[in-house]
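Notes for the structure review
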Amino acid sequence: MNYLYRIYQIVIALPIIIVLTLLTALTTSVGCIIGNGHFWGYYPPVIWSKLVLMVLFLPVKVTGRENLKHGESYVFVSNHQGAFDIFLVFGHLHRNFKWMMKQQLRKIPFVGYACEKSHQIFVDRHAPKKIQASYDKARHTLKEGMSVVVFPEGSRTYNGRIGAFKRGAFMLADELQLPVVPLTINGSFDVMPRTSKWYWVHRRRLTLTIHKPIYPQSQGAENVSRLMEESRKAIESALDAKYRDGE
């Protein structure tokens, strides 16, 4: 059965996903140029993400959507298990948001251009001024009532466990006095581990747990540390036991 699934990936799934990706990038780019970037930068990618997961027969389970209030801006922070985190969050968070993503992703043909036109936030860590410009853009986005999604680890895990968090997202939430919503992703590391030599997809259930918002209690370094610590605890609480620290 595993070999049949691999044949399916090459012969059927891969061509479909390439076509879906090109169509989505084109639709997003053109839509953002002539229309509302918040609309075209969100809904086509949502459809794309759901279709990709469906084409690969990857089941999805989401819990905790009731924790979010309509019309409220959030800083979502999530563990980063693998490449399929993007499809899971985009397709199933059901919240209009902008990504904070690595500058290198801008170089992906078609997709990088679509991300730029849809005002996703690229973070260039090579110079303090460029980092500051990225967070200035995020600040402006959040003041418009939008939300942002950040992977505070900065990159995908090598072993399924949560890496060290960077403070940027929590400093942003502290400055604007916005709630932080932790997200726990399970299954993505098992679908396609970062350490895998071959890019085969393994059929596993993807789960997204939306935790209760963590609201600011003060402002400053102490609040930033509290937001970061409580977010990490929340994310780890719903993580599969084999990927928790100390297990």
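Residues numbered from 1 in each chain as written. Predicted model: local features only at pLDDT ≥ 70, side-chain atom pairs only at ≥ 80, totals over all residues. Heavy atoms only, no water.

**A look at the sheet that holds strand β5 (residues 147–150)**
The pairing of strands in a sheet happens through backbone hydrogen bonds and is either parallel or antiparallel. Strand order in this open sheet of seven strands is β1-β7-β6-β2-β5-β3-β4, and the pairing throughout is mixed. This sheet does not close on itself; its edge strands, each paired only once, are β1 (60–63) and β4 (121–123). Averaged over all pairs of adjacent strands, the angle between strand axes in this sheet comes to 20°, irrespective of strand direction. Relative to strand β7 (residues 206–210), strand β6 (residues 180–186) runs antiparallel, the two being bridged by four bridges. Note on β7: the bridge partner recorded for Ile185 is Leu208. (Pairing = 2+ DSSP bridges. Helix = DSSP H or I, 4+ residues; strand = E, 2+ residues; numbered from the N terminus. Axes fitted to C-alpha atoms, helices over the stretch in contact; angles between N-to-C directions.)

**A word on helix α7 (residues 168–176)**
Taking burial as the measure, the nine residues of α7 include seven buried ones, the bulk of the element. Among the residues of α7, Gly168, Ala169, Phe170, Leu172, Ala173, Asp174 and Leu176 are the ones counted as buried. (Buried < 20%, exposed > 50% of the residue type's maximum accessible area, 1.4 Å probe, protein only.)

**Describing a nonpolar patch on the surface**
A cluster of nonpolar side chains, Leu4, Ile7, Ile10, Val11, Ile12 and Ile16, forms an exposed patch at the surface whose accessible area comes to about 560 Å². Looking at the secondary structure, you find Ile12 in helix α1 (residues 2–34). Since its relative accessible area comes to 40%, Ile12 is described here as partly exposed. (Patch = residues over 30% accessible without salt bridge, like charges linked within 9 Å, V, L, I, M, F, W, Y side chains within 5 Å. Areas by Shrake-Rupley, 256 points an atom, 1.4 Å probe, with all protein chains shown as cover. Salt bridge = Lys/Arg side-chain N within 4 Å of Asp/Glu carboxyl O.)

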